[in-house]
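Observations on the model geometry
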Amino acid sequence: MIKRLQLQSTLTFSYGHANTWILKYSTCSPSINLKVSSLCKQKLFRDALRVFDDLEENADCPLDSSTYVHLLPACSSLRSVNYGRRIHMHILKSGLIPNMVLENHVVNMYGKCGSIDDAKKVFDSMGEKNVVSWTSLCAGYGQNGMCVEAINCYMKMLQSNVLPNQFTLLHVIKACSGLDEAVLGKQLHAQVIKSEFGSQLIVENALISMYISYRQISEASKVFCHIKSKDLISWSSMIAAFSKLDAWFGIYRPNEFIFGSLFSACATVGQPEFGRQIHGMSIKYGLKGNAFAGCSLANMYAKCGLLYSVKEVFNQIEDTDLVAWNALIAGFSYGGNANEALLIFSQMTLLCVAPDNITMLSLLRGVTLSQGEQLHSYAVKTGLDFDLPVCNALLTMYANCSVHMNAYRIFEEIESNTNIVSWNAIITMLLKDNQASEVLALFKKLLISRLRPDQITLWVIAYSFVKKLGFEYDILVMNGLIDMYVKCGCLEGAKKLFDSAQFLDVASWSTMILGYSQFGFGKETLSFFTRMKNQGIKPNHATLVAVLNVLFNSMEQDYDITPTREHCSCIIDLLSRAGRIHDAKVFINKMNLEPDIKILQIDHSNFTAHVLLCSLYASSGGWKDVARIRNLMREKGARKVPGQSWIQIKDGIHVFSIEDGLHSERNTIFSLLEQLSLQILDVDVNIDALLHSY
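These lines cover the structure that appears in this document, whether it is placed above or below. (Residues numbered from 1 in each chain as written. Predicted model: local features only at pLDDT ≥ 70, side-chain atom pairs only at ≥ 80, totals over all residues. Heavy atoms only, no water.)

1. Focus on the packing of aromatic side chains
Between two aromatic rings, the relevant description is the distance of the centres plus the angle of the planes. Taken as a whole, this structure holds 8 aromatic pairs when the rule is applied. With 5.4 Å between their ring centres and 85° between their planes, Phe345 and Tyr378 make a pair best called edge-to-face. Here Phe345 is found in helix α19 (residues 338-350), whereas its partner Tyr378 is found in helix α21 (residues 369-382), with 33 residues between them in sequence. Centroid distance Trp509 to Phe528: 5.9 Å. Interplanar angle 65°. Geometry classified as edge-to-face. A residue pair is termed long-range when its members are at least 10 positions apart, and Trp509 in helix α29 (residues 506-518) and Phe528 in helix α30 (residues 522-534) qualify at 19 residues. Taken as a pair, Trp509 and Phe528 share a single burial class, namely buried. Among the aromatic residues, those joined into a cluster by ring pairs are Phe498, Trp509, Tyr516 and Phe528. Geometry around Phe123 places Lys129 over its ring, the cationic atom sitting 5.0 Å from the centre. One Lys or Arg, Arg531, reaches over the ring of Phe528 and ends 4.8 Å from the middle of that ring. (Phe/Tyr/Trp six-rings, centres within 6.5 Å; stacked < 30°, edge-to-face > 60°. Helix = DSSP H or I, 4+ residues; strand = E, 2+ residues; numbered from the N terminus. Buried < 20%, exposed > 50% of the residue type's maximum accessible area, 1.4 Å probe, protein only. Lys NZ or Arg CZ within 6 Å of the ring centre and 35° of its normal.)

Below, the structure is given as structure tokens:
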């Protein structure tokens with residue numbers, strides 16, 4: 001609890017414990033702190049440390065606390081314990097201690113630089129420690145191969161009544177992986193499950209790696225199967241484990257569940273070649289006719305478009321159950337072969353295998369009206385028409401076949417139990433039938449129901465308003481709609497609007513080309529550009545930027561050409577001329593090359609362009625040029641329109657601007673902000689986020 005806040009030439013923070021923090025204002029020039037911080041943010045660590053060299057001899061010129069927080073990770077990145085010790089000494093002379101945040105950074109720096117003894121000395125000297133402090137020391141032990149010490153450090157932390165976070169567990173699990181102690185690993189796993197961090201992806205991935213290091217792939221597979229949202233590390237860890245099975249033969253024999261996970265991985269990444277190799281391995285381990293492995297394998301071949309292989313795998317399954325039949329039907333249905341799917345369904349029913357809702361959902365995809373009506377009758381006879389997803393699929397089928405009466409009838413029957421999918425299906429059907437007024441009327445009805453519209457609903461409603469008002473032939477409105485669909489990531493909807501537009505101009509084409517480019521569809525981008533040229537539409541700057549961006553990204557991937565400074569300058573110049581200043585800045589920050597400074601012709605009233613130029617000069621250490629540009633901005637009157645934000649509290653709306661001192665409750669707001677700023681120092685957060693957020 002904060003008892004006293006005194007603002008003087010120094011800031012004194014008094015807490016309810018013995019330690020008192022004395023944070024002196026920096027006597028260094030603000031530009032020095034800004035320069036060092038900017039260089040660190042640009043990852044120009046060596047340049048930042050050169051600036052520190054010039055300051056080191058001046059003990060009367062301490063840096064800001066936030067500047068030290070940038071310099072210490074710079075030492076960690078360069079693994080320079082020499083610079084780390086010098087910066088640590090500078091901190092000690094500056095009067096900024098004891099400071100738990102800075103000391104945590106110092107412990108972390110020494111650990112990453114391999115000087116674990118120094119890390120331990122700083123840790124032991126700390127008057128107050130939090131979970132970040134303990135995690136930094138545990139991580140240091142683990143990173144230096146001292147796994148036993150890392151485990152002991154973790155145990156001492158628990159004895160000190162400090163609870164771990166997901167990052168503590170991550171480093172302890174990694175340390176446990178370095179020991180041949182499977183029992184200890186399982187105990188740690190049990191503790192993870194009991195904690196609130198058992199479902200954190202980084203912890204689950206670490207557990208997978210730990211069990212793989214113990215050659216307990218069945219346990220790794222169990223953890224893998226429980227992960228809700230697997231990432232590349234999850235899949236890669238399991239694939240790497242399976243690649244070692246032959247070397248471990250005799251020690252471990254994989255089962256159908258492990259192969260099932262691996263087949264799912266191949267389907268996810270779209271690699272049928274790997275799948276075929278693993279298929280052969282599964283046969284080698286005697287799983288040729290296993291139902292579980294066979295269903296996963298069939299699903300993989302189906303997703304990769306190898307329908308012949310799907311049927312071949314199905315015929316090899318010894319005991320075909322409903323799951324196996326559903327996998328086969330889904331494979332052909334989603335592969336675009338509805339007739340073959342229906343034929344398989346007939347064979348299934350002849351063998352007295354009763355379908356479920358999954359079967360019906362697969363069959364109703366892509367069928368004709370006659371086939372759909374037969375499936376509807378079958379659903380009524382078997383009671384599957386009471387299942388909401390099946391009803392939605394039937395509704396969509398009738399809507400796609402333009403049998404609106406049947407679609408309406410189904411919607412009315414399930415109206416009391418509908419979900420947003422049902423509403424979207426019927427609303428989309430009305431829109432396709434050019435019934436904009438009915439769409440809006442149904443939307444009003446949706447708004448007063450218990451359901452909330454989703455993104456798809458709002459896309460349809462926006463287009464319905466345009467049609468109702470008669471603006472579907474207005475090229476500006478259509479371009480705006482296409483742009484909206486693109487920015488929402490719905491490229492399919494944007495293309496439908498594009499194809500239905502009566503008139504197209506360069507903005508229409510450029511929007512589509514930019515959309516495909518931004519979402520990584522290189523082939524579609526170039527295809528649209530070719531169509532645009534063939535129709536005699538002259539491209540503008542924005543069009544060429546999108547095309548060149550695709551070509552630029554393909555330089556290394558397709559042609560093994562490393563982009564040079566000239567290539568990068570070309571892209572930056574085009575982005576700037578097209579008015580995409582923010583994109584130019586993002587591109588500069590992502591360049592592998594250090595940007596150089598060239599003379600830019602910019603509009604004197606364009607604030608954004610001036611800011612970009614200042615950032616370029618700052619990133620390369622041209623601080624005199626930064627001052628010159630800022631003076632030029634003041635002289636020419638180039639200034640930014642102040643940003644605003646607002647919040648609604650009950651019936652009142654409160655508007656805030658940058659440097660706003662006019663709000664009626666400003667004193668209360670500023671006082672609360674000061675208190676929050678102090679309390680932030682005691683919050684337990686992600687160690688890496690903490691150590692890099694200042």
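2. So, the layout of surface pockets
Here the largest pocket is characterised by a volume of approximately 1100 Å³. Along the walls of the largest pocket sit 34 residues, with Thr428, Lys432, Ile456, Glu492 and Lys496 positioned nearest its centre. Secondary-structure elements contributing two or more residues to the lining of the largest pocket are α22 (388-400), α24 (420-432), α26 (455-468) and α28 (491-500). Per-element tally for the lining of the largest pocket: the top contributor is α24, with 7 residues. Here the residues of the lining of the largest pocket sort into 19 nonpolar, 9 polar and 6 charged. (1 Å grid on protein atoms, 1.4 Å probe; cavity = no way out; pocket = protein on both sides within 12 Å on 5 of 7 lines; lining within 4 Å. Points joined across faces, edges and corners; volume = space filled by probe spheres on them. Nonpolar A, V, L, I, M, F, W, Y, C, P; charged D, E, K, R; others polar.)

3. A look at the nonpolar core
In this structure, Leu375, Ile426 and Met512 are the most contacted members of the largest nonpolar core, which totals 95 residues. No other element matches the 9 residues that α22 contributes to this core. (Core = buried A, V, L, I, M, F, W, Y, C linked by side-chain atoms within 4.5 Å.)

4. Looking at the pattern of salt bridges
Counted by the stated rule, this structure contains 7 salt bridges. Lys311 is paired through a salt bridge with Glu340; the nearest N and O atoms lie 2.8 Å apart. Of this pair, Lys311 sits in helix α17 (residues 307-316) while Glu340 is found in helix α19, placing the two residues 29 residues apart along the sequence. The class for Lys311 is partly exposed, based on a relative accessible area of 30%. Overall, the relative accessible area of 19% leaves Glu340 in the buried class. (Salt bridge = Lys/Arg side-chain N within 4 Å of Asp/Glu carboxyl O.)

5. Quick notes on empty space enclosed by the protein
Counted according to the given criterion, the structure contains 5 cavities of 30 Å³ or more. Estimates place the volume of the second largest cavity at around 60 Å³. What lines the second largest cavity is Phe263, His279, Ser282, Leu287, Lys288, Asn290, Ala293, Gly294, Leu297, Val313 and Gln316. Sorting the residues of the lining of the second largest cavity by element identifies α15 (272-284), α16 (291-303) and α17 as the ones contributing at least two each. Of all the elements, α16 adds the most residues to the lining of the second largest cavity, at 3 residues. When its residues are assigned to classes, the lining of the second largest cavity shows 5 nonpolar, 5 polar and 1 charged.

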